[in-house]
Amino acid sequence: MKYRSVFDIIGPVMIGPSSSHTAGAARIGRVARSLFGREPKWAAISFYGSFAKTYRGHGTDIAIVGGIMDFDTFDERIKTSLSIAKEKGMKISFVEEDAVTDHPNTARVIIGDDQGQLELVGISIGGGKIEITELNGFELKLSGNHPAILVVHNDRFGAIAAVANVLAKYAINIGHMEVARKEKGKLALMTIEVDQNIGTNILDELKTLPNILQVTKIAD
Amino acid sequence: MFRNVAELVDLAESRGIKIAQVMLEQEAEVTGRTKEEIFAQMDKNLRVMEDAVEKGLAGVKSHSGLTGGDAVLLQTYIQKGNFLSGKPILDAVSKAVATNEVNAAMGTICATPTAGSAGVVPGTLFAVRDTLNPSREEMVEFLFTSGAFGFVVANNASISGAAGGCQAEVGSASGMAAAAIVELAGGTPSQAAEAMAITLKNMLGLVCDPVAGLVEVPCVKRNAMGAANAMVAADMALAGVTSRIPCDEVIDAMFRIGQSMPTALKETAQGGLAATPTGRELEAKIFGISLSKGEQ
């Protein structure tokens, strides 16, 4: 079941005009921001399908930039996000893609600064609900229904067990988990949806494990 | 957890409780939050809806200038008293329009189930308030009831115009509203499901063809008719009229119709009203682009 809460249906409270093209876009931008962990200096955003055809009319562009600046769906600042970004000196570009994607409301967001960059693909499935389908080249399926931990690791035996052991030690229950890799023996990504929010001490402990390269979390 | 309307109705009728109660209990179970917290959040959403209607009835205008002010015209017309269709229906229509005019003007609304279809549920609720005199608690329950039906549609079909056309948005909203009106008026859960089925059957095939890609034309007026549709279907169900096709099968039909609908008619502004000469002219004017761009 894609929709789990009554507030997916009666909600979100949001700035108009479109739940999928405005609120959903803001949420995709906000997940990118949350995973990047800081305000980026630049953002390159590509729109596909219905997003590409109608983004100006729906304010998809201003909403996604608002999300990248950590604005929630009901934040009035969304309306002026492009000028706020400009004042901050954030460089933003939009591309309308012709490629056909699995879902009509698809956006690719690349954000970055001098220290690094992050690339993700999000889809807006209706009523403001979104899913993240790709992160830094890894395919994944992140619903945003639960807090999640994302772990980039070397594709070696024992890496998954070590992470699971730490979570078990802190009595964290895993609701959904998947592993993706680009190539055998190279980089891999663990996506772990859990039942409660994770403290930074647990994230720090995960980072000390062998073969673990990067650990980030998404709060509920 | 209920997966379809039949299970939802059965859960309510076997225990002699309202559909709103089934939804509230499921939400508490799934999220681990208390019923009080959940109820309070829904009450907040109700307040957002009240504020939006109030703002719309005072008169708003969208940035493009395509929509705004119709809610005021309708209220003025109702005050004159010589209307033809009936006061509750026109009141629902004007309040649905008010909400969507605020949405189009980038005001704050509560999506029900989407922003483009946000007018129908609050529009009908605030219109039947005068006839049914519900308590605040019953008004919040109205939202849980409509949410329960929307939940089934979202999980078994779609509530996205880009995926399923306007039938998935205003169609779903109208069905949700019709079912909730029936429950608020004292109808049974079965009658609520019949109202949902009757409403949705009359929304099947409705395409999503927004002029210039804006959630304005025809979205605002589709909310108006969605509200009228919900009111009439609720009356039909309360009169004892039933749908020959069960509600779950109507929802399934809606899903399949959405899948076979061409992309040009699913929120791409490439077909239908968006592709009419006037639709194209408005698009060109709003975005300051040449007419040929839209005709690819």
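Please read these numbers as outputs of a predicted model, since none were measured by experiment. (Residues numbered from 1 in each chain as written. Chains lettered and ligands numbered in written order. Predicted model: local features only at pLDDT ≥ 70, side-chain atom pairs only at ≥ 80, totals over all residues. Heavy atoms only, no water.)

Can you lay out the overall build of chain A for me, pointing to particular residues and giving the numbers?
On a plain count of helices and strands, chain A comes out with 6 helices and 11 strands. Here the C-alpha atoms of chain A give a radius of gyration of 17 Å, agreeing with the 17 Å that 2.2 N^0.38 yields for 220 residues. In terms of overall dimensions, chain A has C-alpha extents of about 50 × 40 × 35 Å along its principal axes. Taken over 220 residues, chain A has a buried fraction of 55%. A fraction of 67% describes how many contacts in chain A between residues 6 or more apart in sequence connect residues 24 or more apart. Within chain A, the 26 negative side-chain charges are centred at a point lying 2 Å from the centre of the 25 positive side-chain charges. (Helix = DSSP H or I, 4+ residues; strand = E, 2+ residues; numbered from the N terminus. Rg over C-alpha atoms; globule rule 2.2 N^0.38 Å. Buried < 20%, exposed > 50% of the residue type's maximum accessible area, 1.4 Å probe, protein only. Contact = heavy atoms within 4.5 Å. Lys, Arg positive; Asp, Glu negative; His and termini not counted. Charge placed at Lys NZ, Arg CZ, Asp CG, Glu CD.)

Now, about the interface of chain A and chain B: what can you tell me, with residues and values included?
Interfaces are often sized by the accessible area lost when the parts come together. The interface of chain A with chain B comprises 35 residues on the first partner and 51 residues on the second. Buried area between chain A and chain B, both sides added, is near 3,300 Å², and the carbon and sulfur share of it is 64%. Summed over the three residues of chain A that lose the most area to chain B, namely Phe 7, Ile 9 and Ile 10 of chain A, the buried surface amounts to 21% of that side. On inspection of chain A and its partner chain B, the count reaches 17 residue pairs in polar contact (both at pLDDT 80 or more). Those elements that place two or more of their residues in the side of chain A that touches chain B are β1 (13–15), α1 (19–36), α2 (49–58) and β5 (116–126) of chain A. When residues of the side of chain A that touches chain B are assigned to their parent elements, the largest contribution, 6 residues, is made by α2 of chain A. (Buried area = accessible area lost by both parts, 1.4 Å probe. Polar contact = N/O pair within 3.5 Å; in protein donor to acceptor, adjacent residues only side chain to side chain.)

Run through the domain arrangement of chain A, naming residues and quoting values.
All names here are of chain A. Looking at the assigned domains, one finds that chain A contains domain 1 (6–135) and domain 2 (148–218). Relative placement of domain 1 and domain 2: their C-alpha centres are 26 Å apart. Each side of the interface is counted separately: domain 1 has 4 residues, and domain 2 has 5 residues. The junction of domain 1 with domain 2 conceals about 350 Å² of combined surface from both sides, 74% of it contributed by carbon and sulfur atoms. It is Ser 34, Leu 35 and Leu 135 that lose the most area in domain 1 upon contact with domain 2, and together they represent 88% of the buried surface on that side. The interface formed by domain 1 and domain 2 holds 0 salt bridges in total. In this structure, the connection of domain 1 to domain 2 is made through 0 residue pairs in polar contact (both at pLDDT 80 or more). (Domains from an automatic or database assignment. Salt bridge = Lys/Arg side-chain N within 4 Å of Asp/Glu carboxyl O.)

If you had to explain the nonpolar core to someone new, which residues and values would you point to?
With 78 residues, the main nonpolar core has Ile 10 of chain A together with Leu 143, Phe 144, Phe 149 and Ile 251 of chain B as its most contacted residues. Examining the composition of this core, we find that 12 residues originate from one element, helix α9 (residues 166–184) of chain B, more than from any other. Other than its neighbours up to four places away in sequence, Ile 251 of chain B contacts Val 5, Val 152, Val 153, Asn 156, Ala 157, Met 196 and Leu 200 of chain B. If you look at the next biggest cluster of nonpolar residues, it comprises 40 residues, including Val 31, Met 69, Ile 84 and Ala 85 of chain A. (Core = buried A, V, L, I, M, F, W, Y, C linked by side-chain atoms within 4.5 Å.)

Any details on the pairing of strand β8 (residues 148–154) of chain A? Residues and values, ideally.
Residues and elements named next belong to chain A. With 7 of its 7 residues buried, β8 lies for the most part within the structure. Neither face of β8 is open: one carries Ala 148, Leu 150, Val 152 and Asn 154, the other Ile 149, Val 151 and His 153, and all of them are buried. The sheet contact formed by β8 and strand β10 (residues 187–194) spans 7 bridges and is antiparallel. For Ala 148, the partnering residue across the bridge sits in β10 and is Glu 193. Pairing analysis gives 6 bridges linking β8 to strand β11 (residues 212–218), with the strands arranged antiparallel. By the bridge assignment for β11, His 153 is matched with Ile 212. (Pairing = 2+ DSSP bridges.)

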